[in-house]
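Working through the structure, step by step
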Amino acid sequence: MTFLQKLTLGIAGLTAFGIGSFILTAPQTFYASYGITLGPDASLLSELRAPAAGLAALGAVMLAGIKSPTLRPTSIVAAFIVFLGFPVGRILGLLIDGVPSDGILAALILELAIAALCLFAFRRGTGHAASSPMTHKTKRI
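This report concerns the structure included in the present document. (Residues numbered from 1 in each chain as written. Predicted model: local features only at pLDDT ≥ 70, side-chain atom pairs only at ≥ 80, totals over all residues. Heavy atoms only, no water.)

Description of the overall build of the protein
Short version of the rule: Helical segments are the DSSP runs of H or I of at least four residues, strand segments are the runs of E of at least two, and each set is numbered from the N terminus. Between buried and exposed lies partly exposed: a residue is buried under 20% and exposed over 50% of the maximum accessible area for its type, with that area taken using a 1.4 Å probe on protein chains only. We call two residues in contact whenever any of their non-hydrogen atoms come within 4.5 Å of each other. Computed with a 1.4 Å probe, the accessible areas rest on the Shrake-Rupley method; for each residue, only the protein chains presented here act as cover.
Across its full length, the protein carries 6 helices and 0 strands. Its helices and strands in sequence order give the protein the pattern α-α-α-α-α-α, from N to C terminus. Within the protein, buried positions represent 33% of all 141 residues. Considering only contacts in the protein between residues 6 or more positions apart, those separated by 24 or more positions represent 65%. Approximately 8400 Å² of the protein is accessible, and the part contributed by carbon and sulfur atoms is 70%.

Dropping the structure here:
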């Protein structure tokens, strides 16, 4: 892996793991930073904590891919799923629901920046992405 690819997985992994862990352990505090007040509704908090645990786990996979060649392809896919999926959901929400708070717009910009970094770092013809079995066409004999 190139330095840029390791750096990209590090940024993506730390971001996903950090945000997921923060929501998992302190959802009221996390969402208050966006101007959203959460009450003590156990069902709502459970619905927020569950995907947060998934986000933290995907972040851990991204970070593990920096050191583990076996996990590398999975970590790259995880980075693309998170940092392309979140902006798509936010943009769709923006189109359907209107403009959210400045904090959520800032999150969208951060997610788009990390997505762009992933697209650049793992484009065809660079380091690991070029040698991945997922990017090769099967040769016919």
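Read on, since the account is not over.
Section: the packing of aromatic side chains
Applied cut-off: Ring pairs are drawn from Phe, Tyr and Trp, using the six-membered ring of Trp, whenever the two centres fall within 6.5 Å, and their geometry is named by plane angle: stacked under 30 degrees, edge-to-face over 60, tilted for the rest.
One pass over the full model with this rule turns up 4 aromatic pairs. Seen in terms of ring centroids, Phe30 and Tyr31 are 5.1 Å apart; in terms of plane orientation they differ by 85°. Their pairing is edge-to-face. An identical accessibility class is assigned to Phe30 and Tyr31; each is buried. Taken together, a centroid distance of 6.4 Å and an interplanar angle of 70° make the contact between Phe80 and Phe122 edge-to-face. With Phe80 in helix 4 (residues 72-97) and Phe122 in the loop between helix 5 (102-121) and helix 6 (127-131), the pair connects residues that are 42 residues apart, well separated along the chain. The rings of Phe22, Phe30, Tyr31 and Tyr34 are connected pair by pair, giving a single aromatic cluster.

Quick word on a nonpolar patch on the surface
Put simply, the test is: Surface patches are drawn from residues lacking salt bridges whose relative accessible area is over 30%; two like charges belong together within 9 Å, two nonpolar side chains (Val, Leu, Ile, Met, Phe, Trp, Tyr) within 5 Å. In the sections that follow, a salt bridge refers to a side-chain nitrogen of Lys or Arg positioned within 4 Å of a carboxyl oxygen of Asp or Glu.
The grouping of Ile91, Leu92, Leu95, Ile96 and Leu112 at the surface amounts to a nonpolar patch, some 510 Å² of accessible area in total. In terms of residues, the nonpolar patch owes the most to one element, helix 4, which gives 4 residues. With respect to the helices, strands and loops of the structure, Leu112 is situated in helix 5.

Examining the packing of helix 3 (residues 42-67) against helix 4
When two helices pack together, their arrangement is given by the angle between the helix axes and the distance between those axes. The test is simple: In this analysis an axis means a line fitted to C-alpha atoms, helices contributing only their contacting stretch, and an angle means the value between N-to-C directions, from 0 to 180 degrees. Oblique is the label for any angle not covered by the other classes, which are roughly parallel (under 35 degrees), roughly antiparallel (over 145) and roughly perpendicular (65 to 115). Rotating anticlockwise by less than a right angle from the far helix to the near helix defines a left-handed crossing, while the corresponding clockwise rotation defines a right-handed one. Each residue is assigned to one class: nonpolar for Ala, Val, Leu, Ile, Met, Phe, Trp, Tyr, Cys and Pro, charged for Asp, Glu, Lys and Arg, and polar for all the others, Gly among them.
At a minimum axis distance of 8 Å, the contact between helix 3 and helix 4 shows a crossing angle of 140°. Viewed along their axes, helix 3 and helix 4 adopt a mutual orientation that is oblique. Crossing of helix 3 against helix 4: the hand is left-handed. Between helix 3 and helix 4, the residues in contact are Leu55, Leu58, Val61, Met62, Gly65, Ile66 and Lys67 and Arg72, Thr74, Ser75, Ala78, Ala79, Val82, Phe83 and Phe86, respectively. Here the contact of helix 3 with helix 4 is built from residues that sort into 10 nonpolar, 3 polar and 2 charged.

Quick word on helix 3
Stated precisely, the cut-off is as follows: Given the number of residues in a helix, its expected span is that number minus one, multiplied by 1.5 Å. Counting of polar contacts relies on pairs of N or O atoms within 3.5 Å, with two restrictions inside protein: one atom must be capable of donating a hydrogen and the other of accepting it, and residues adjacent in sequence are counted only when both atoms are side-chain atoms.
Over its 26 residues, helix 3 extends 38 Å from the first C-alpha to the last, a length consistent with the 38 Å expected when each residue adds 1.5 Å. All of the buried residues in helix 3 are Leu45, Leu48, Ala52, Leu55, Ala56, Gly59, Met62, Gly65 and Ile66. Next to the buried residues of helix 3 lie helix 1 (3-25), helix 2 (27-32) and helix 4. The residue sitting at the N-terminus of helix 3 and contributing the capping side-chain oxygen is Asp41; that oxygen lies 2.9 Å from the backbone nitrogen of Ser43.

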